[in-house]
Amino acid sequence: MDKDEFRQFGYKFVDWVADYMSDIAKYNVLSQVKPGEIRDQLPIQPPVQGEPLERIFEDFQKIIMPGITHWQHPSWFAYFPANNSPPSILAELLTAGIGAQCMVWQTSPAAAELEEVVLDWLRQMLGLPGEMVGVIQDTASTATLVALLTARERATNFEANQKGARMPLAVYASEETHSSIEKGTKIAGFGKENLRYIASDEAFAMLPSKLEEAVIQDKKRGLKPACVVATLGTTSSTAIDPLLPIGKICHRHSIWLHVDAAFAGTAAILPEKKEMLEGAEHIDSFVFNPHKWMFTNFDCSAYFVKDPGALIQTFEIHPEYLKTGLDAKVKNFRDWGIPLGRRFRALKLWFVIRYYGVEGLQKMVREHIRLGQLFKEWIENDENFELMAPANLSLVCFRLNDGRKEEDLNSLNEQFLESLNQTGKVFLSHTDLRGKYVLRMAIGARMTEEHHVKEAWELIQKKSEQLLK
Ligand SMILES: *Cc1c(COP(=O)(O)O)cnc(C)c1O
């Protein structure tokens with residue numbers, strides 16, 4: 001492709017993205033295609049000869065776009081958001097253009113040093129302790145695996161010093177914890193049978209007393225408690241585990257404390273939400289996703305550790321072909337996580353934080369929380385609906401409840417959610433809270449405004465009336 005063709009299509013694609021963003025509300029939020037429908041339109045074999053870009057782009061619009069679910073849609077209320085933003089998209093273009101692979105300092109000093117600086121900006125924005133140091137991981141799942149591996153390394157090193165037989169290690173998380181903790185526990189070799197799910201209170205937050213009981217019991221049985229994962233903002237209901245008492249238990253028993261704040265971490269940039277970090281001095285590692293609520297294209301997870309030495313000890317490698325004369329003076333982020341190769345992710349984060357500023361980001365997040373609280377009030381004031389968990393942030397868990405028998409409510413709500421999503425006008429997802437089928441209204445897409453939430457509410461009311469008739 002020559003420079004002129006690249007330029008021509010570059011402009012065209014930027015125009016297309018700009019139009020997509022302004023027209024996005026016209027699409028059905030959830031793709032309506034059937035399984036296999038996209039695949040059937042694609043040739044089985046790869047093209048032998050090159051094809052003109054024009055034709056590829058046409059097929060992108062004709063074949064690919066109908067199979068896209070529109071995460072940036074203002075009526076996106078499912079799961080949690082995965083926000084992008086114009087400054088982030090443009091920075092991704094530059095990243096792709098540069099095409100740098102940033103495994104060590106020398107392979108792009110700017111990438112390593114920008115990452116260091118931008119992650120410290122984030123640390124300050126959230127109010128994490130000054131000694132914590134940040135690194136970007138691809139996802140929260142990976143960051144949690146990294147934490148579990150580091151905790152395992154620390155616990156086994158400790159073991160080695162004690163001599164004697166190796167004790168099995170145990171991991172603790174609330175029963176509401178994200179599935180990535182179980183996955184990480186399996187991958188890191190703790191074994192699923194050594195993961196303890198700790199009971200939660202009526203607000204779905206971990207009960208510290210139950211945690212300590214489990215720790216003491218395991219110690220008695222000859223296990224070594226290695227890691228506690230506390231969640232700030234659980235995936236089902238944004239429950240906030242109480243960090244301070246959990247941190248004290250970890251401190252008392254020398255257990256690694258990892259905090260999973262994948263979605264809710266962003267809210268800590270608000271002074272009025274900082275209290276969830278009370279006890280932060282006990283945190284060993286912390287993850288949150290700028291790719292969820294901080295308007296930075298997927299993927300970008302911010303991971304912070306108190307003792308980078310423990311992290312590096314776990315992941316450091318020294319093959320001859322990767323040695324440089326500067327290794328003692330610089331940060332080589334290949335030693336701060338699992339993959340060797342690294343994308344230049346700090347650039348988009350830098351663009352986003354500079355473009356919006358801390359105040360701009362606070363304003364957007366605060367508005368989502370306001371909208372969440374508004375929706376919560378509508379639910380509370382309508383007798384056909386029931387609020388199912390405290391709405392700590394911008395997620396509202398609710399269900400339809402017309403007073404019928406408890407055992408019939410789950411299928412009613414399943415049917416109800418289906419009828420909402422079938423319209424294509426909104427997309428909500430569901431969860432299970434103590435055996436109850438619950439709808440999740442997760443507000444946090446960048447372009448969601450009050451009228452979108454209102455329209456969703458009107459649709460919810462209309463569909464519920466049809467269903468209950
Ligand atoms: C979304 C979420 C995750 C997983 O995030 P990924 O970046 O997709 O791995 C983990 N924990 C919690 C609490 C989440 O909400």
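Residues numbered from 1 in each chain as written. Predicted model: local features only at pLDDT ≥ 70, side-chain atom pairs only at ≥ 80, totals over all residues. Heavy atoms only, no water.

## Concerning the sheet that holds strand β6 (residues 256–260)
- One open sheet accounts for seven strands, arranged β2-β8-β7-β6-β5-β3-β4; its pairing is mixed. Of all the strands in the sheet, the pair left with one neighbour each is β2 (133–137) and β4 (195–198). Strand-to-strand twist across the sheet, computed as the mean angle between neighbouring axes with direction ignored, equals 20 degrees.
- The strands that helix α4 (residues 109–126) touches are β2, β7 (285–288) and β8 (301–305); relative to β8, the one it contacts most, it runs at about 80 degrees.
- Across the sheet, helix α6 (residues 179–187) lies against β3 (169–174), β4, β5 (224–231) and β6, angled at about 160 degrees from β4, the strand it touches most. (Pairing = 2+ DSSP bridges. Helix = DSSP H or I, 4+ residues; strand = E, 2+ residues; numbered from the N terminus. Axes fitted to C-alpha atoms, helices over the stretch in contact; angles between N-to-C directions. Contact = heavy atoms within 4.5 Å.)

## Focus on the packing of helix α11 (residues 346–380) against helix α13 (residues 450–468)
- In contact at an axis separation of 10 Å, α11 and α13 are set at 25 degrees when each is read in the N-to-C sense. Of the possible angle classes, the one that applies to α11 and α13 is roughly parallel. For the pair α11 and α13, the crossing hand works out as right-handed. Contact residues: Arg370, Leu371, Leu374, Phe375, Trp378 and Ile379 in α11; Glu450, Val453, Lys454, Trp457 and Ile460 in α13.
- A per-class count over the contact of α11 with α13 returns eight nonpolar, no polar and three charged. (Parallel < 35°, antiparallel > 145°, perpendicular 65-115°, else oblique. Left-handed = near helix turned anticlockwise from the far one by under 90°. Nonpolar A, V, L, I, M, F, W, Y, C, P; charged D, E, K, R; others polar.)

## Digging into the domain arrangement of the protein
- Domain assignment breaks the protein into domain 1 (3–69), domain 2 (100–343) and domain 3 (359–468).
- Of note, the centres of domain 1 and domain 2, computed from C-alpha atoms alone, are 38 Å apart. (Domains from an automatic or database assignment.)

## Details of the side chain of Gln362
- On the secondary structure map, Gln362 appears in helix α11.
- Note on Gln362: relative accessible area 15%, which makes it buried.
- In terms of polar contacts, Gln362 uses its side chain to reach the backbone carbonyl oxygen of Ile269, at 2.7 Å. (Buried < 20%, exposed > 50% of the residue type's maximum accessible area, 1.4 Å probe, protein only. Polar contact = N/O pair within 3.5 Å; in protein donor to acceptor, adjacent residues only side chain to side chain.)

## With respect to the sheet that holds strand β12 (residues 436–442)
- Strands sit in the order β1-β11-β12-β10-β9 across an open sheet of five strands; the sheet is mixed. One side of each edge strand has no neighbouring strand; the edge strands of this open sheet are β1 (76–77) and β9 (385–387).
- The sheet strands contacting α11 are β9, β10 (395–400) and β12, and the helix crosses β10 at an angle near 20 degrees.
- Packing of helix α12 (residues 406–422) onto the sheet brings it into contact with β9, β10, β11 (427–433) and β12, and relative to β12 it is tilted by some 30 degrees.

## Description of the site of the ligand
- For the ligand, the set of nearby residues contains 13 residues, the closest of which are Ala140, Ser141, Asp260, Asn289 and Lys292.
- Between Ser141 and the ligand, the recorded distance is 2.5 Å, taken from a side-chain N or O atom to an oxygen atom.
- Contact distances for the ligand include 3.0 Å between an oxygen atom and a side-chain N or O atom of Asn289.
- Across the complex, the protein chains shield 87% of the 390 Å² of accessible surface that the ligand would expose by itself.
- Here the shell around the ligand is built from residues that sort into three nonpolar, eight polar and two charged. (Near = heavy atom within 4 Å. Areas by Shrake-Rupley, 256 points an atom, 1.4 Å probe, with all protein chains shown as cover.)

## Topic: helix α10 (residues 308–315)
- Ala310, Leu311, Thr314 and Phe315 are the residues of α10 that are buried. Looking straight down α10, one finds that the buried residues subtend no more than 120 degrees of arc, so they occupy a single side.
- The N-capping residue of α10, defined by a side-chain oxygen 3.0 Å from the backbone nitrogen of Gly309, is Asp307. (Arc of directions from axis to C-beta.)

## Looking at the environment of Ala442
- Secondary-structure assignment places Ala442 in strand β12.
- For Ala442, a relative accessible area of 2% translates into the label buried.
- The spacing of Ala442 and Glu386 is 56 residues in sequence and 16 Å in space, taken between C-alpha atoms.
- Ignoring any residue separated from it by four or fewer positions in sequence, one finds Ala442 in contact with Trp76, Phe77, Ala78, Tyr79, Phe80, Ser394 and Leu395.

## Looking at helix α3 (residues 86–98)
- For α3, built from 13 residues, the straight-helix expectation of 18 Å at 1.5 Å per residue is met to within 8% by its first-to-last C-alpha distance of 19 Å.
- Listed as buried for α3 are Pro87, Ser88, Ile89, Ala91, Glu92 and Thr95.
- Positive phi appears at Gly99, one or two residues downstream of α3, with a value of about 60 degrees. (Expected span 1.5 Å × (residues − 1).)

## A closer look at the packing of aromatic side chains
- Tallied over the entire structure, the rule returns 25 aromatic pairs.
- Ring geometry for Phe57 versus Phe60: centroids 6.0 Å apart, planes at 10 degrees, classification stacked. With Phe57 and Phe60 both in helix α2 (residues 53–64) and three residues apart, this pair spans about one turn of that helix.
- Plain terms: the ring middles of Tyr79 and Phe427 are 5.8 Å apart, the flat faces sit at 85 degrees to each other, and that makes the pair edge-to-face. Of this pair, Tyr79 sits in the loop between β1 and α3 while Phe427 is found in strand β11, placing the two residues 348 residues apart along the sequence.
- A cation sits over an aromatic face here: Arg440 above Phe80, 5.0 Å from the ring centre. (Phe/Tyr/Trp six-rings, centres within 6.5 Å; stacked < 30°, edge-to-face > 60°. Lys NZ or Arg CZ within 6 Å of the ring centre and 35° of its normal.)

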